[in-house]
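# Commentary on secondary and tertiary structure
Single-letter residue listing:
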Amino acid sequence: MWSVPLLAIAAVGASALLFDLSLPLRLPGNRDWAEAAAVLRVRAGPADAVQLWPPWAERARLFVRSVPVRTEEDLRAADYPGVERLWLLALPRVPLAHLARARAALRQRGATAGDEVRFGALSLQPWELHGPRVVSFLTSPLEEHEVDYVPRQCTLVRIGPPGDPGRLQARGQGGVMHVRAGIVGERAYQGFRGPVRVDVQVDGAALATLTVPPTAPSEPGWRRLEAAAPAGEHAFTFLVSARDVDRPFCLSAWTTAP
Amino acid sequence: MSRRLPLALAALTFAALFATQSGVGFVRDEGYYFEAAKSYEQWVALLLRAPAAAVRDTGRYWSVNFEHPGLAKLLFALSHLVFTTWLGWLPDALAWRLPALASGALLTYWLAVLGAQRSRAAAVLAPALFWCAERTFFDGHLACFDVPICALTAGVGVAWARALGLLRPWTSSSTPTPTPTSTPTPTPHGLFLGFLFGCALGVKHNAWLLPPVLIVHALLLPAPLRRRGLRTLPWLLLGPVVLFASWPLLWHDPLRHLSDWISFHTQHVHYAWYYLGRELRGPPFPIFYPLVLLALVLPLPQVMLFTAAGAKLLWDFAHRALSPLRLLELGLAGAALLPFMLRNTPIFGGIKHWLAFVALLSPEAAHLLEGSAGLAQRAGVLRSRGLLLAAAAALLPGVWQIAHVHPYGTSAYGELALGIPGAASLGMQRQYWSNNVTAVLPWLNAHAPNGARVFFHEVNVESYRAYQQAGLLRADIQYASGPWDAQYAALQWHREFRDREPETWNAFGTRTPATGLYLDETPQVVVYARPGLPGAP
């Protein structure tokens, strides 16, 4: 009985040390990363992307160069336009990895898993997304900006005053049009500013409007709009306006087969 | 108990901090304080050459970094003047940091004094518990004010206790015997208390909280001690005199400068701070933020012991079983923490703003740790063995944390957070102050072509210059204002600056880093190079 406090301290100290000393064993080494990257180099195709899990595990970028790397945080809601197969590259043994949650989120969006391969402390698993086929990218998928702390494939568009809105024009095929937009950086959280309005026109006729208010967590700052655009090739115009114009604003749009 | 043990421990602390400081990067604030110290050194040189001109021109030299009092920066300047400018013994940064290292030693000394009121073992364990964690150890190296004000808080506490006769005399081996007599406070003790309080005022505004603590402490003491306490309090009036003397900016137009100082801190901006998955940008902040953060960053044994120490002090307070000295420790610890639980005080900067909370709990925590060995003795465990086991269990995880993470102290997380990767998954601030950039400076020196422009992101221009002055960064490397203007970028991973990385990808046309600092897999500093440049992937 008298030894209980000492034993408790010894147990806490030993547990802490055990955790500290065993942590490196839960983490991948350069060789693990290189092997995973080599497999991706061989097996991944042009419609593939890599999703890191946990999303902070971006040391992968040093090794994975053949496939676009994504660090989405909400795998159920994330857009992967143009991606048919998503490689989930994960650190399953890292504390609080919650890999099962990531897999469950992918399943919930209808994705189906392939065989998992392990490289030391790394896990690599292909997922067929079964998403709709992209018929036109109306903005460049090569440019990226941060919205809601996640790098997004989107194009910066100037915000103009309501009488002289910023303008982005593109030609593409109709179908289901997907528009995503958000304010870049910390200015997204300045609640005193007004919303940004995105008017979408097809061949000069109004199609839909998306309103992007200042981000108030836990509401998303990356706003979504889906609208049906008539079939065939069209001129799409996005008019961006707000009372406060000095904010970087990013817009992404693409159409998928109906 | 003699002074030898606290002095030896202080010397050991100084040696440990001195030996491990070279890898510690220059945090953003140090950049400003180095610039201030340069300006103050010029003033000191002028004072020695032309005293009247120096007294007349205080504003010109002392307006730099007007928002903090002058004493610490004056000491940085004097140290540089003596050890670098005159003697040429020390490199610039080490000379500026020397007084801060000394304040770390002083903190050890005063914690050992407080611990020694319990036992010799507690005198050793109290400072050891404080320092055996990377966050505190890291802060001990910086030419900043956090460890100095922490030390002076403990020092004022010791001086107050000495003035009230709460401390065991150095030469006696008897137990502490408060002397609640009606004899007045011996002048040297009161003078020393006033002087130390003035030094605290001259270092950082945390000192504003000390008089209220001492007043409340005096009022809660038994009658004879209360009278002595109330008679001792006027010595604190020396504090503003020391503040005035050590801060020449106040010598002209003092009311305006005092007003500027106070209003800077009462209207301080709130920096975005990542905490449990959300960015805190302004009040109201979570009430238990400082306690949760301490629990997540300190090694687990310290978390347990400090929690036990705080609980024991509060329990004994509630049951009127606190000795005057322990009551003082509780008051000082509480005053260091409580402002950050008001929900509107700026909370950025990790645990550095309430280090005194940890420090003032250390003697009680040490006592409890020692007590566990004492209890085990009754079960037949040799006391020395029990003490050794307890000390090893309490300190080794912290020693490991230092060995594993130093000098990247602002990134350290303890076992409750499940280490640095666990903290990343929990959504905690990855780092701050930009000092981790030291990890990639050798790479930049080796690869960047002559005159290369580098975007250093959170590293301010003052720290950039300090790196060049210290020889850690090549002198020809230029400071770029953004990725669009740079050939290389050294990005510090912050949630709130997440836009900088895609901005760099777009500007450089690559998403592949050239190198980086990754602690337990978590990105801390990521370096990009424009394709085709040396070192580019």
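Residues numbered from 1 in each chain as written. Chains lettered and ligands numbered in written order. Predicted model: local features only at pLDDT ≥ 70, side-chain atom pairs only at ≥ 80, totals over all residues.

### Quick word on the sheet that holds strand 4 (residues 478-480) of chain B
Residue and element names in this part refer to chain B. One open sheet accounts for 5 strands, arranged 4-3-5-7-6; its pairing is mixed. Single-partner strands in this sheet number two, and they are strand 4 and strand 6 (515-519). Averaged over all pairs of adjacent strands, the angle between strand axes in this sheet comes to 20°, irrespective of strand direction. Across 3 bridges, strand 3 (residues 453-455) lies against strand 4 in parallel orientation. Bridging from a neighbouring strand, Arg453 pairs with Gln478 of strand 4. (Pairing = 2+ DSSP bridges. Helix = DSSP H or I, 4+ residues; strand = E, 2+ residues; numbered from the N terminus. Axes fitted to C-alpha atoms, helices over the stretch in contact; angles between N-to-C directions.)

### Focus on the domain arrangement of chain B
In many reports, interface size means the accessible area that the parts give up when they come together. All names here are of chain B. Domain annotation for chain B reports domain 1 (4-251 + 277-401) and domain 2 (435-529). Distance from the C-alpha centre of domain 1 to the C-alpha centre of domain 2: 35 Å. Between domain 1 and domain 2, the contact holds 15 residues from the first and 14 residues from the second. Looking at the side of domain 1 that touches domain 2, the elements that each hand over two or more residues are helix 2 (28-49) and helix 6 (92-116). For the side of domain 1 that touches domain 2, the element with the highest residue contribution is helix 2, accounting for 6 residues. Split by residue class, the side of domain 1 that touches domain 2 holds 7 nonpolar, 3 polar and 5 charged. (Domains from an automatic or database assignment. Contact = placed C-beta atoms within 7 Å. Nonpolar A, V, L, I, M, F, W, Y, C, P; charged D, E, K, R; others polar.)

### What about the interface of chain B and chain A?
The interface is formed by 48 residues belonging to chain B together with 39 residues belonging to chain A. When residues of the side of chain B that touches chain A are traced back to their parent elements, those giving at least two are helix 16 (300-318), helix 18 (355-378), helix 19 (383-405), helix 20 (419-426), helix 23 (500-508) and strand 7 (522-529) of chain B. Tallying contributions element by element places helix 19 of chain B first for the side of chain B that touches chain A, with 9 residues. Split by residue class, the side of chain B that touches chain A holds 28 nonpolar, 8 polar and 12 charged.

### Concerning the domain arrangement of chain A
All names here are of chain A. The domain architecture assigned to chain A consists of domain 1 (26-128) and domain 2 (134-256). For domain 1 and domain 2, the distance between their C-alpha centroids amounts to 28 Å. Of the residues lining the interface, 6 residues belong to domain 1; the matching set on domain 2 comes to 6 residues. Grouping the constituent residues of the side of domain 1 that touches domain 2 by class yields 1 nonpolar, 2 polar and 3 charged.

### Some points on the packing of helix 6 of chain B against helix 7 (residues 120-131) of chain B
All names here are of chain B. With their axes 7 Å apart at the nearest point, helix 6 and helix 7 run at an angle of 140° to one another. Taken together, the axes of helix 6 and helix 7 are oblique relative to one another. For the element pair helix 6 and helix 7, the recorded crossing hand is right-handed. From helix 6, Thr108, Leu111, Ala112, Leu114, Gly115 and Ala116 reach across to helix 7, where they touch Arg120, Ala122, Ala123, Leu125, Ala126, Pro127 and Phe130. By residue class, the composition of the contact of helix 6 with helix 7 is 10 nonpolar, 2 polar and 1 charged. (Parallel < 35°, antiparallel > 145°, perpendicular 65-115°, else oblique. Left-handed = near helix turned anticlockwise from the far one by under 90°.)

### Here's the deal with helix 1 (residues 4-19) of chain B
All names here are of chain B. The end-to-end C-alpha distance of helix 1, which contains 16 residues, comes to 22 Å, matching closely the 22 Å that a straight helix rising 1.5 Å per residue would cover. Inspection of helix 1 places Pro6, Leu9, Ala10, Thr13, Phe14 and Leu17 among the buried residues, and these make up the whole buried set. Each buried residue of helix 1 sits inside an arc of 140° when the element is viewed along its axis, so together they form one side. Residues of helix 1 that are exposed and point more than 90 degrees away from the buried face comprise Arg4, Ala15 and Ala19. Buried residues along helix 1 sit in contact with helix 6 and helix 7. (Expected span 1.5 Å × (residues − 1). Buried ≥ 20, exposed ≤ 12 C-beta atoms within 10 Å, placed from the backbone. Arc of directions from axis to C-beta.)

### Digging into the nonpolar core
Counting residues in each nonpolar core, the largest one holds 229 residues, and the members touching the most others are B:Ala200, B:Ala356, B:Tyr488 and B:Ala490. For this core, the element with the highest residue contribution is helix 6 of chain B, accounting for 16 residues. Setting aside its immediate chain neighbours within four residues, B:Ala490 contacts B:Val437, B:Val440, B:Leu444, B:Val454, B:Phe456, B:His457, B:Val525 and B:Val527. Membership of the second largest hydrophobic core comes to 32 residues, among which are A:Val147, A:Ile159, A:Ile183 and A:Val212. (Core = buried A, V, L, I, M, F, W, Y, C linked by C-beta atoms within 7 Å.)

### Some details on the packing of helix 11 (residues 210-220) of chain B against helix 17 (residues 324-337) of chain B
Residues and elements named next belong to chain B. Closest axis-to-axis distance for the helix 11/helix 17 pair is 10 Å, and the angle between their directions is 150°. The orientation of helix 11 relative to helix 17 falls into the category roughly antiparallel. When you trace helix 11 past helix 17, the crossing you get is right-handed. Only Leu327, Leu328, Gly331, Leu332 and Ala335 of helix 17 make contact with helix 11, whose side of the interface consists of Val213, Val216, His217 and Leu220. Here the residues of the contact of helix 11 with helix 17 sort into 7 nonpolar, 2 polar and no charged.

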